Amino acid sequence: EQRPWQPVRQPMALYHLESPELSGLTLTYRVSQRGSSRQDMLIWQPRQDAGESETRRSGALVVIERHDGALTEKPLFSDLAARAAEHRLVVERMASPQDIRTKFGLMEAAEVKLRQENAVMSCLAYRRIDMAGVSILGWLCGTIQRPVDRVSMACFLDRLDLVGGGRDASLRKLFAEAER
């Protein structure tokens, strides 16, 4: 069994993502380590002091994990349910995954209903596990007025940038090839 992720104090952000879907939301950036593996988590949520109309805005999660060893691939639903539970969410329903094309290549994507207390959010969940030891996964939630579709999901993921790869040549190479 794997050890739990340990939070990194005062981490340097390796990734950046800006998108119109995220306007008005608060970003929390967390970094954790497990041995030589690193997990960067970008979480966008409505502000705690937001009014009722603002709390219906979308939210998003992007998790980028860098592993030195081989990755164990679980079904998307299992992976998503575990990630949702970490954020006090429940996967109420999920459609069968279908691939979407992004700058990183094909990603699994599935429509999902996430429940938090009495609210249900309509989202698209996604995941890509790269043979270079990088996984990208998360979700993007829409609003009643503006639901998320596969095209906007692909555009959202295409905005993910590497801002500091350090000595990790394979990670820098992955992002450089993605930009081509």
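Scroll up a little and you will see the structure.
This is a predicted model, so every value here is computed, not measured. (Residues numbered from 1 in each chain as written. Predicted model: local features only at pLDDT ≥ 70, side-chain atom pairs only at ≥ 80, totals over all residues. Heavy atoms only, no water.)

Visitor: Please explain the environment of Gln39 as it appears in this structure.
Guide: Looking at the element boundaries, Gln39 is found in strand E4 (residues 37-46). C-alpha separation for the pair Gln39 and Val8, spaced 31 residues apart in sequence, amounts to 9.7 Å. Contacts of Gln39, omitting those with residues within four sequence positions, involve Trp5, Arg30, Val31, Ser32, Val63, Ile64, Glu65 and Arg83. For Gln39, the side chain forms a polar contact with the side chain of Glu65, separated by 2.7 Å. (Helix = DSSP H or I, 4+ residues; strand = E, 2+ residues; numbered from the N terminus. Contact = heavy atoms within 4.5 Å. Polar contact = N/O pair within 3.5 Å; in protein donor to acceptor, adjacent residues only side chain to side chain.)

Visitor: What is the right way to look at helix H3 (residues 150-158) in this model?
Guide: Residues separated by three or four positions in an α-helix point in the same direction, a consequence of the helix having 3.6 residues per turn. Here H3 has its buried residues at Ser152, Met153, Ala154, Phe156 and Leu157. The residue sitting at the N-terminus of H3 and contributing the capping side-chain oxygen is Asp149; that oxygen lies 3.2 Å from the backbone nitrogen of Val151. (Buried < 20%, exposed > 50% of the residue type's maximum accessible area, 1.4 Å probe, protein only.)

Visitor: Hey, could you run me through the state of the cysteines in this one?
Guide: Here, disulfide denotes a covalent bond that connects the sulfur atoms of two cysteines. Taken as a whole, this structure holds one disulfide when the rule is applied. Disulfide pairing is shown between Cys123 and Cys141; the S-S distance is 2.0 Å. Handedness here is read from the sign of the S-S torsion; for Cys123 and Cys141, about 90°, the answer is right-handed. Of the two residues, Cys123 sits in strand E9 (residues 119-129) while Cys141 sits in strand E10 (residues 134-141), which places them 18 residues apart along the sequence. An identical accessibility class is assigned to Cys123 and Cys141; each is buried. Cys155 takes part in no disulfide bond, and the closest cysteine sulfur, belonging to Cys141, lies 17 Å away. (Disulfide = S-S within 2.5 Å.)

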